[in-house]
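Fold and geometry: a report
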Amino acid sequence: MAGDDLINDPYGVYQRLRSASPVHRITGPDGSPAWIVTRYDDVRQALQDSRLSLDKRHSTGGYAGFALPPALDANLLNMDPPDHTRLRRLVGSAFTPGRIQRLREPIRKTAEQLLDPLGQHGRTDLIASYAAPLAITVICDLLGVPDHHRVDFRGWTHALVAPDPARPAATREAVAAMLGFFTELLADKRRRPADDLLSDLIGVREASDALGDDELMSLAFLLLLAGFENTVHLLGNAVLALLRHPRQLALVRENPALLPGAVEELARFDGPALLAIRRFATEDLVLGGVTVGAGQTVLLSLAAANRDPERFEDPDRLDIGRTATGHLALGLGIHYCLGATLARTETEIALATLFARLPDLRVAADVEPRRRPSLRSRSLTALQVDY
Ligand code: HEM
């Protein structure tokens, strides 16, 4: 794949790929082969196809994503039924709508507190001062990570999601640090259980053998990584998109009731997950008219599907008034984002609070927003704004 183009202009590249052919053979980020699927109907169907497995044991050597030690790897995004069904049910029962609902007020308070030190006018990097600390606080509150245990996860997640080829040791170091962090955190929670999601999961682990040790640790890791990473970047991308579309922003400012629909459209327009998790064909199958061999890797481009003109009219236009439901930014099928309600709630509150508090917000004219080089994730590392 044209790496640089794909990072700087993923939608342009995907548009060309999509019009040329529905499915392409490409070279994955590690140099090994994969198929990439770009049309909405094909991606939607493939997300629900049980012949596409997330379990690496079905891979016959194509691109397989990053390798983690077993204590972090036994997670939902590497599993098929029946293990996936069992684990998802366990975590789902701790991830109740009531628990998310109770987070609304704390999310709003945290957002306000982060904006307090900014004052009325000035310049700030909104990723560092707002999006990242908000997402860290919310996911730590949900999981029940005590204050003294909270760290800025950005360094670790960056090393995993966008590894620097010049520093291969950085990823290993980040993985070791994360393992240490979770081992200590879970020991701490065992000693002092509270009303939070991790304590609930530890309760399940101790009451039965329905949840293994590696599975518990991997689940904590996945929730933290998925809950933090994607939220920061959905929020960052959403703020940038609205600041670059002042008429759309004015509509949201005038009528905050439009926000829930706007969040759907913003997720469709520039969601953080460009690709779904890699999948492996368990048998020869036909996808978009192309035969994919058993064991080969399939990458589903959520970004390309969400900009498919066959599904969304004038897809490159941000239009918060459109009905964007049916977008695939949060996946679909059995692996549909577990944190979808939290993601929506958090983004909505974060945008509402930000735009209410900083009426003059604009992208700093002399500093380009910085993007992280990654084929998987569409993410800003810095967003300088004036207000
Ligand atoms: C804010 C924006 C978010 C986006 C765009 C997003 C996106 C996604 C996508 C696309 C998938 C499906 C991956 C696939 O099938 O290949 C997924 C799964 C998942 N997400 Fe999210 N996510 C977000 C927030 C969250 C949050 C806040 C949490 C948790 C607190 C979370 C936890 C998960 C988990 C655990 C899965 C795996 C579910 C399974 O395999 O059954 N996500 N997410």
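What this report covers is the structure whose coordinates are included nearby. (Residues numbered from 1 in each chain as written. Predicted model: local features only at pLDDT ≥ 70, side-chain atom pairs only at ≥ 80, totals over all residues. Heavy atoms only, no water.)

1. Observations concerning the overall build of the protein
When helices and strands are counted, the protein shows 16 helices and 12 strands. For a compact globule of 387 residues, the expected C-alpha radius of gyration is about 21 Å, and the protein comes in at 21 Å, within 12% of that figure. With respect to the three principal axes, the spread of C-alpha positions in the protein is 60 × 55 × 40 Å. Taking all 387 residues of the protein together, the buried fraction comes to 55%. (Helix = DSSP H or I, 4+ residues; strand = E, 2+ residues; numbered from the N terminus. Rg over C-alpha atoms; globule rule 2.2 N^0.38 Å. Buried < 20%, exposed > 50% of the residue type's maximum accessible area, 1.4 Å probe, protein only.)

2. As for the pairing of strand 8 (residues 297–300)
Burial along strand 8 is two-sided: the face carrying Thr297 and Leu299 and the face carrying Val298 and Leu300 are both buried. In this structure, strand 2 (residues 33–37) lies alongside strand 8, joined through 3 bridges in parallel fashion. Directly across from Trp35, in strand 8, lies its bridge partner Val298. In this sheet, strand 8 lies alongside strand 5 (residues 279–281) in antiparallel orientation, the contact comprising 2 bridges. Across the sheet, the residue bridging to Arg279 is Val298, located in strand 8. (Pairing = 2+ DSSP bridges.)

3. A closer look at the coordination of the iron atom of the ligand
From the protein, the iron atom of the ligand takes a single donor atom, Cys337 (SG), 2.3 Å away. Assignment of secondary structure puts Cys337 in the loop between helix 15 (302–306) and helix 16 (340–357). (Donors = N, O, S within 2.8 Å, 3.2 Å for Na, K, Ca; no water.)

4. Some remarks on the site of the ligand
The ligand sits among 27 residues. The nearest are His84, Arg88, Ile277, His335 and Cys337. A distance of 2.7 Å is found between an oxygen atom of the ligand and a side-chain nitrogen or oxygen belonging to Arg88. Contact between the ligand and His335: an oxygen atom at 2.6 Å from a side-chain N or O atom of the residue. Of all the secondary-structure elements, those providing two or more residues to the shell around the ligand are helix 5 (83–94), helix 12 (213–243) and helix 16. Ranked by residue count, the leading element in the shell around the ligand is helix 12, at 6 residues. (Near = heavy atom within 4 Å. Polar contact = N/O pair within 3.5 Å; in protein donor to acceptor, adjacent residues only side chain to side chain.)

5. A look at the sheet that holds strand 12 (residues 384–386)
If you trace the 3 strands from one edge of the open sheet to the other, you get 4-12-9, paired in antiparallel fashion. The sheet terminates laterally at strand 4 (123–125) and strand 9 (362–363), the two strands that pair on one side only. As paired strands, strand 9 and strand 12 are joined by 2 bridges and run antiparallel to one another. Its bridge partner being in strand 12, Arg362 is matched across the sheet by Asp386. Running over the sheet, helix 8 (residues 126–143) touches strand 4 and strand 12 and is turned about 55 degrees from strand 4. (Contact = heavy atoms within 4.5 Å. Axes fitted to C-alpha atoms, helices over the stretch in contact; angles between N-to-C directions.)

6. Brief notes about the environment of Ala364
Within the secondary structure layout, Ala364 lies in the loop between strand 9 and strand 10 (370–371). Ala364 sits in the buried class, given a relative accessible area of 2%. Considered as a pair, Ala364 and Thr96 are 268 residues apart in the sequence and their alpha carbons are 40 Å apart. Aside from chain neighbours lying at most four places away, what touches Ala364 is Arg123, Gln384, Val385 and Asp386.

7. So, helix 13 (residues 246–254)
Every buried residue of helix 13 is listed here: Gln248, Leu249 and Val252. Viewed along the axis of helix 13, the buried residues span an arc of 100 degrees, placing them on a single side of the element. Every exposed residue of helix 13 that faces more than 90 degrees away from the buried side is listed here: Pro246, Arg247 and Glu254. Packing partners of the buried residues in helix 13 comprise helix 12, helix 14 (259–270) and helix 16. (Arc of directions from axis to C-beta.)

8. Points about the pattern of salt bridges
A side chain with one charge can pair with a side chain of the opposite charge if their charged atoms come near. Inspection of the entire model under this criterion finds 32 salt bridges. The partner of Arg190 in a salt bridge is Glu206, and the shortest N-O contact between them spans 2.8 Å. Here Glu206 lies in helix 11 (residues 197–207) and Arg190 lies in helix 10 (residues 168–191), a separation of 16 residues in the sequence. Residue Asp360 is joined to Arg362 by a salt bridge in which the shortest nitrogen-to-oxygen separation is 3.9 Å. (Salt bridge = Lys/Arg side-chain N within 4 Å of Asp/Glu carboxyl O.)

9. Considerations on helix 12
The end-to-end C-alpha separation of helix 12 is 45 Å, in line with the 45 Å expected for 31 residues at 1.5 Å each. For helix 12, a buried count of 27 out of 31 residues is recorded, marking the element as mostly surrounded by other parts of the structure. (Expected span 1.5 Å × (residues − 1).)

All we've got here are geometric facts, nothing functional implied.
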